[in-house]
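Residue strings, one per chain:
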2 protein chains.
Amino acid sequence: MKENQINFSEVDNCPVRNILDRFGDKWSTLVILILGSYDTLRFNELQKMIGTVSQKMLAVTLKKLETDGLVSRKVYPQVPPKVEYSLTALGLSLLPKLESLVQWANENRTIITENRSLKG
Amino acid sequence: MKENQINFSEVDNCPVRNILDRFGDKWSTLVILILGSYDTLRFNELQKMIGTVSQKMLAVTLKKLETDGLVSRKVYPQVPPKVEYSLTALGLSLLPKLESLVQWANENRTIITENRSLKG
DNA sequence: ACCTTTACTTACCAAAAGTAACTAAATCTC
DNA sequence: GAGATTTAGTTACTTTTGGTAAGTAAAGGT
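Below, the structure is looked at part by part. (Residues numbered from 1 in each chain as written. Chains lettered and ligands numbered in written order. Predicted model: local features only at pLDDT ≥ 70, side-chain atom pairs only at ≥ 80, totals over all residues. Heavy atoms only, no water.)

## Describing the protein's contact with DNA strand D
Heads up, the condition is: Any residue with a non-hydrogen atom lying within 4 Å of a molecule or strand is treated as near it. In the analysis that follows, any N or O atom pair within 3.5 Å is treated as a polar contact, provided that within protein one partner can donate a hydrogen and the other can accept it, and provided that, for residues neighboring in sequence, both atoms belong to side chains. Helix and strand assignments come from DSSP, with helices taken as H or I runs of at least 4 residues and strands as E runs of at least 2, each series counted from the N terminus. Ten residues, namely Ala, Val, Leu, Ile, Met, Phe, Trp, Tyr, Cys and Pro, are considered nonpolar, four, namely Asp, Glu, Lys and Arg, are considered charged, and the remaining ones, Gly among them, are considered polar.
Around DNA strand D lies a shell of 21 residues, among which Arg73, Pro81 and Tyr85 of chain A together with Lys56 and Met57 of chain B are the nearest. Counting only the atoms of DNA strand D that lie within 4 Å of the protein, the sugar and phosphate share comes to 66%. Within the contact set of DNA strand D, a phosphate oxygen lies 3.2 Å away from a backbone nitrogen or oxygen of Val83 of chain A. Here a phosphate oxygen of DNA strand D sits 2.5 Å away from a polar atom, N or O, in the side chain of Tyr85 of chain A. Mapped onto the surface near DNA strand D, the elements with two or more residues apiece are α3 (43–50), α4 (55–68) and β3 (82–87) of chain A together with α4 (55–68) of chain B. No other element matches α4 of chain A, which puts four residues into the surface near DNA strand D. Taken together, the residues of the surface near DNA strand D break down into nine nonpolar, four polar and eight charged.

Have a look at this one:
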């Protein structure tokens, strides 16, 4: 057992899983990455940008991110409604870590695709 | 639109999502992190360490990671069977990026937990 | 002869996510 | 002035994903 070991075994006691489980869902990381590159987006701009997310899941995802304080939500009292989403300082602090994952994915895309086609 | 912009809008054409979707599942990142700290583990050592993963999902997760070439599987022809899992070089190259996410989660755990209890 | 052990698989059930339709109210079109 | 359009959602229903519990194979221990 290495030093600085993290205990993963209990969900509630595990500092990591409690937080990371929130990004283990299908859309959170993608929403953060996109808001990171576009700064401010309305609900259906985000939806068009992602392309394959359902309205329901985008709404749920944004609500969770807002609850955690990663995304802020600005409502303009208009009809039809206008709501703008952007990253908070906390969300921005996570961004470079996710971008580093994206960079890794880009660098290793070819080799992983090859591995997949070998094994089927 | 910033320079170095990534196009997220089409699943198949998106270099990022094609790869990252594989870690968007419930267990992959955790398995990589644990194998990263324990070096080599047998199937049920991994299961005990995670604590809440089902045998079925651990098997599925390991098979996907093996297919992608992130995890290697060494079978000892014994009865009862012995199978050892460890990270490949590719898996090891991903590890620091995931550990950086863990570090972020640790640093921001308190504030996120507070945010959740305010809104939640 | 029977129980144990390990790394799975399988059949069945629960939870998460996808789909499509619906809503409210101001503005635009005819 | 009746009806379509627009936006940010919500709701009811279906599909997909994950969880549960039991089963499997074959060697060794009691």
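## With respect to the protein's contact with DNA strand C
The full set close to DNA strand C counts 21 residues, and Lys56 and Met57 of chain A together with Gln55, Arg73 and Tyr85 of chain B are the nearest of them. In DNA strand C, atoms within 4 Å of the protein come 64% from sugar and phosphate. One nitrogen or oxygen atom from the side chain of Arg42 of chain B is found 2.9 Å from a phosphate oxygen belonging to DNA strand C. Within the contact set of DNA strand C, a phosphate oxygen lies 2.4 Å away from a side-chain nitrogen or oxygen of Tyr85 of chain B. If one sorts the elements of the surface near DNA strand C by residue count, α4 of chain B sits on top with four residues. Among the residues making up the surface near DNA strand C, the classes are represented as nine nonpolar, four polar and eight charged.

## Here's the deal with the sheet that holds strand β3 (residues 82–87) of chain B
All names here are of chain B. The criterion, for reference: Two strands make a pair as long as DSSP finds a minimum of two bridges between them. Inter-axis angles, ranging from 0 to 180 degrees, are taken between N-to-C directions of lines fitted to C-alpha atoms, where helices are fitted over the stretch in contact. Residues count as neighbours in contact if any of their non-hydrogen atoms are within 4.5 Å of one another.
With respect to topology, three strands assemble into an open sheet ordered β1-β3-β2, the strand pairing being antiparallel. Because the sheet does not close on itself, it has two edges, and the strands there are β1 (40–42) and β2 (71–76). Here the average twist between neighbouring strands, direction ignored, is 30°. The pairing of β1 with β3 spans three bridges and is classified as antiparallel. Each residue of the ladder has a partner; that of Thr40, found in β3, is Ser86. Helix-sheet contacts for helix α2 (residues 28–38) involve β1, β2 and β3, and the interaxial angle to β3 is about 95°. Here helix α3 (residues 43–50) sits on the sheet in contact with β1 and β3, set at roughly 95° to β1.

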